[in-house]
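# Descriptive structure summary
So the chains spell out like this:
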Amino acid sequence: MNILTAENLTKSYGEKVLFADISFGIDEGEKIGIIGVNGTGKSTLLKLLAGIEWPDQGKVTTGNSVSLEYLPQNPEFEESATVLQQVFKGNSPVMKLLREYELALEKLNEDPDEPRLQQRLIALGQQMDELDAWQLENEAKTILNKLGISKFDTLVGTLSGGQRKRVALASALINPTDLLMLDEPTNHIDNDTVDWLEQYLNKRKGALVMITHDRYFLDRVVGRVLELDQGKLYPYPGNYSRFLELKVEREEQVEATERKRQNLFRSELAWMQRGAKARTTKQKARIERFEKLQADKPLEHADRIEMPTGASRLGKKILECTDVQKGFPDRGLVIKNFNYILLRNDRIGIIGPNGSGKSTLLNIITGNLTPDGGSVELGSTVNIGYFSQENTYLDPNIRVIDEIKAVAEVIPTADGGFITASQMLERFLFAPAVQWTQIGKLSGGEKRRLYLLRILMGAPNVLLLDEPTNDLDIQTLTILEGYLDDFPGAVIAVSHDRYFLDRVTDKIFAFEGNGEIRSYVGNYSDYREQVYAAEQEAEQTAKLATLAKTFRHMEAGSEKEEPVRKKERSLKMTYKEQKDYEQIDAQIAQVEEELQKNNQHMNDVGSDYGKLTELVTLQKTLEQKLDDLLERWTYLTELAEKIAESKG
């Protein structure tokens, strides 16, 4: 069933037309990804669908009683609200009740002996029962924990920008809606959280429309892709991989049409050059057709443009970290005895939970932070290009071309040639007309792209990239990845984008807590396989240790038995022991199967806090039952062997 229809939408900002006359519909439960170059109007389109902005032409129609939830890139916050109060920001009766309950609880904590506050909290608790609001509160806390927010009474005004975005994401996810719209939901969350969000959205029943640059995320969540390309909208059924296949087919058709157009154009041009005069209706029609053929030249595809590689010479000594340590009063030790010698062609990805110290390490390497211990030595020829999470100041009144020329008029290329600032801008998706635009008129994503280009124009030979995929579109990322393929220097990238890490890196530095940084060979997928194998091995070791402990316990107990009784027990099983011995293998298999099913149930109801608690309790019960059976199996097997030996 259709829940939203967009008809003939057109939207402009000044002289710039973002898109014109686009139409599409959204069905119940459908999951859609919107992609396109920064500045093409993706976020604007989402705002039109959410009713935040209005189109210049066309209309958006939603079904009766269809509820919408919209998460912008830069959400608004109430500075004095707590985390939970901000999460429960909706206007539904349940959300209002949850806000009142959290406020009453906060006041009662400040004055626990006040009778009126106690009565107020009891009354609100009864209303929570009536509206079944406890489930929603539990789900909110579960989601916040998954997003790395554990202190629910913290004031929003004291949170970092990334923490605020995660609180806003939690608020959007818990609100029961028919259509959820998310603008770059994977920004500011770590790799494990992206994995969890992917699973959560896959299980969510409502419709979803999102803008994201995370290609694995698009591949595993969406069932339809809408591409905004130079004012037009192109729909593609399927996930991101299918989109790539279909786009190639579409562009091949466009090229075939263009070849036919050029052949016809040459024929018409020859006729015009013979001195055609527009005296007859037929001649007028041919002239009009010629003019139309001239105007019908297809638009160039920006995502096919490749970047040249330019870098300054790099000597033998690059970077050497020796026993580097760094800690903070509120976070403790984040880097402990870190040692590494950077190699010329290193491609290193840095991963870890938010706040674990990834950006801190980059800032120590650049000299922006001083380590508490150890040293960082740079080679004399090292020219670091540091792309930080926050754009350095870009003067909104300066033109785009002047910002790049201020860094360099030309840069050398790998083949010994040169490329101008204007050519570099064009290859980095800034059309000639845009190059003379003031920076203040660019979109947030375009400013981010300009900042990256300014770093590259400095011809660095060591690149430090801190979350380079945040706010960059897929086409820009593809160009950046191609640039890094041929970059003649070392690259260190902090990123939560799994595709980017797989595409670019061949070594992973994982922040594993308490300042420990462990190195893994391979890209991100290789790292995940190594971690999984290590976890499996640790689990197996733990089981063997438990069995060994059981053996030692049994041997110690048997030594204390009287010699006569020990001999009797070794010669014959009791009736119960015989029955247990015959049935215990089947019992162990049954419990293992129940454990496996329970694990699956826990994955399926990860957002249901109450149900999850029940399943965790059941998990512990089953694990204890399995341990008891294994202990019993060990005893009975040993007894059976002794009986067999006595008979032999």
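In what follows, the accompanying structure is described. Everything quoted here is computed from the prediction, not taken from an experiment.

Let's shift gears to the overall build of the chain. Helix and strand counts for the chain come out as 21 helices and 20 strands. Buried positions account for 44% of the 648 residues belonging to the chain. At a minimum sequence separation of 6, the contacts of the chain that also span at least 24 residues come to 68%. Roughly 33700 Å² of accessible area belongs to the chain as shown, and the carbon and sulfur atoms make up 49% of that amount.

Of note in this structure, His-188 is not a glycine but carries a positive phi near 70°. With respect to the element layout, His-188 can be found in the loop between β6 (179-183) and α7 (191-203). For His-188, a relative accessible area of 28% puts it in the partly exposed group. Even without being glycine, Asp-323 reaches a positive phi, approximately 50°. Inspection of the secondary structure assignment puts Asp-323 in strand β10 (residues 319-328).

On to the side chain of Lys-358, then. Along the polypeptide, Lys-358 turns up in helix α11 (residues 358-366). For the buried Lys-358, which has no salt bridge, the nearest side chain bearing the opposite charge is Glu-467, at an N-O separation of 5.5 Å.

End to end, helix α3 (residues 93-110) covers 26 Å across 18 residues, agreeing with the expected 26 Å (1.5 Å per residue, within 8%). Along α3, the residues that are buried comprise Met-95, Leu-97, Leu-98, Tyr-101, Glu-102, Ala-104 and Leu-108. Looking at the buried side of α3, the elements it contacts are α2 (83-87), α4 (115-131), α5 (134-146) and α6 (161-174).

Attention now moves to helix α16 (residues 474-485). Look at α16: 16 Å from first C-alpha to last across twelve residues, which is about the 16 Å you get at 1.5 Å a residue. Taken together, the buried positions of α16 are Ile-474, Gln-475, Thr-476, Leu-477, Ile-479, Leu-480, Glu-481, Tyr-483 and Leu-484. Among the residues of α16, the N-terminal cap falls to Asp-473, whose side-chain oxygen and the backbone nitrogen of Gln-475 are separated by 3.2 Å.

This part takes up the packing of aromatic side chains. On inspection of all chains with the given rule, the structure shows eleven aromatic pairs. Seen from their ring centres, Tyr-340 and Phe-509 are 5.1 Å apart, and the 80° between their planes marks the pair as edge-to-face. Separated by 169 residues along the polypeptide, Tyr-340 in strand β11 (residues 332-342) and Phe-509 in strand β19 (residues 507-511) bring together distant segments of the chain. As far as burial versus exposure is concerned, Tyr-340 and Phe-509 are alike and both buried. Above the face of the Tyr-216 ring, Arg-220 is positioned so that its terminal group lies 4.8 Å from the ring centre. Its end group placed over the ring of Phe-430, Arg-449 keeps NZ or CZ at 4.8 Å from the ring centre.

At their nearest, the axes of α5 and α7 sit 10 Å apart, and the two run at 140° to each other. Residue-level inspection shows Glu-139, Ile-143 and Lys-146 of α5 in contact with α7, the latter providing Thr-193, Trp-196 and Tyr-200. Of the residues assigned to the contact of α5 with α7, the class counts are three nonpolar, one polar and two charged.

Turning next to the sheet that holds β11. Overall, antiparallel pairing links the three strands, which are arranged β11-β10-β13 in an open sheet. The sheet is open, and its two borders are formed by β11 and β13 (373-378), each paired with just one other strand. Each strand of the sheet is rotated relative to its neighbour by a mean of 20°, with strand direction disregarded.

What follows is about the environment of Pro-460. Residue placement: Pro-460 occurs in the loop between α15 (444-457) and β17 (462-466). Residue classification places Pro-460 among the buried positions, given a relative accessible area of 1%. Put simply, Pro-460 and Asn-383 are 77 residues apart on the chain and 5.0 Å apart in space, counted from C-alpha to C-alpha.

Another point: a negative patch on the surface. A cluster of acidic side chains, namely Glu-623, Asp-627, Asp-628 and Glu-631, defines a negative patch on the protein surface. The class for Asp-628 is partly exposed, based on a relative accessible area of 42%.

The next subject is the side chain of Asp-214. Mapped onto the elements, Asp-214 comes out in the loop between β7 (207-211) and α8 (215-221). Polar side-chain contacts of Asp-214 include one of 2.9 Å to the backbone nitrogen of Phe-217.

Turning to the pairing of β11, a few remarks are in order. One ladder, built from seven bridges, connects β10 with β11; its direction is antiparallel. Within the sheet, the bridge partner assigned to Glu-320 lies in β11 and is Ile-341. The turn joining β10 and β11, which pair antiparallel and follow one another in sequence, is formed by three residues.

Rules used in this analysis
Residues numbered from 1 in each chain as written. Predicted model: local features only at pLDDT ≥ 70, side-chain atom pairs only at ≥ 80, totals over all residues. Heavy atoms only, no water. Helix = DSSP H or I, 4+ residues; strand = E, 2+ residues; numbered from the N terminus. Buried < 20%, exposed > 50% of the residue type's maximum accessible area, 1.4 Å probe, protein only. Contact = heavy atoms within 4.5 Å. Areas by Shrake-Rupley, 256 points an atom, 1.4 Å probe, with all protein chains shown as cover. Lys, Arg positive; Asp, Glu negative; His and termini not counted. Salt bridge = Lys/Arg side-chain N within 4 Å of Asp/Glu carboxyl O. Expected span 1.5 Å × (residues − 1). Polar contact = N/O pair within 3.5 Å; in protein donor to acceptor, adjacent residues only side chain to side chain. Phe/Tyr/Trp six-rings, centres within 6.5 Å; stacked < 30°, edge-to-face > 60°. Lys NZ or Arg CZ within 6 Å of the ring centre and 35° of its normal. Axes fitted to C-alpha atoms, helices over the stretch in contact; angles between N-to-C directions. Nonpolar A, V, L, I, M, F, W, Y, C, P; charged D, E, K, R; others polar. Pairing = 2+ DSSP bridges. Patch = residues over 30% accessible without salt bridge, like charges linked within 9 Å, V, L, I, M, F, W, Y side chains within 5 Å. Charge placed at Lys NZ, Arg CZ, Asp CG, Glu CD.

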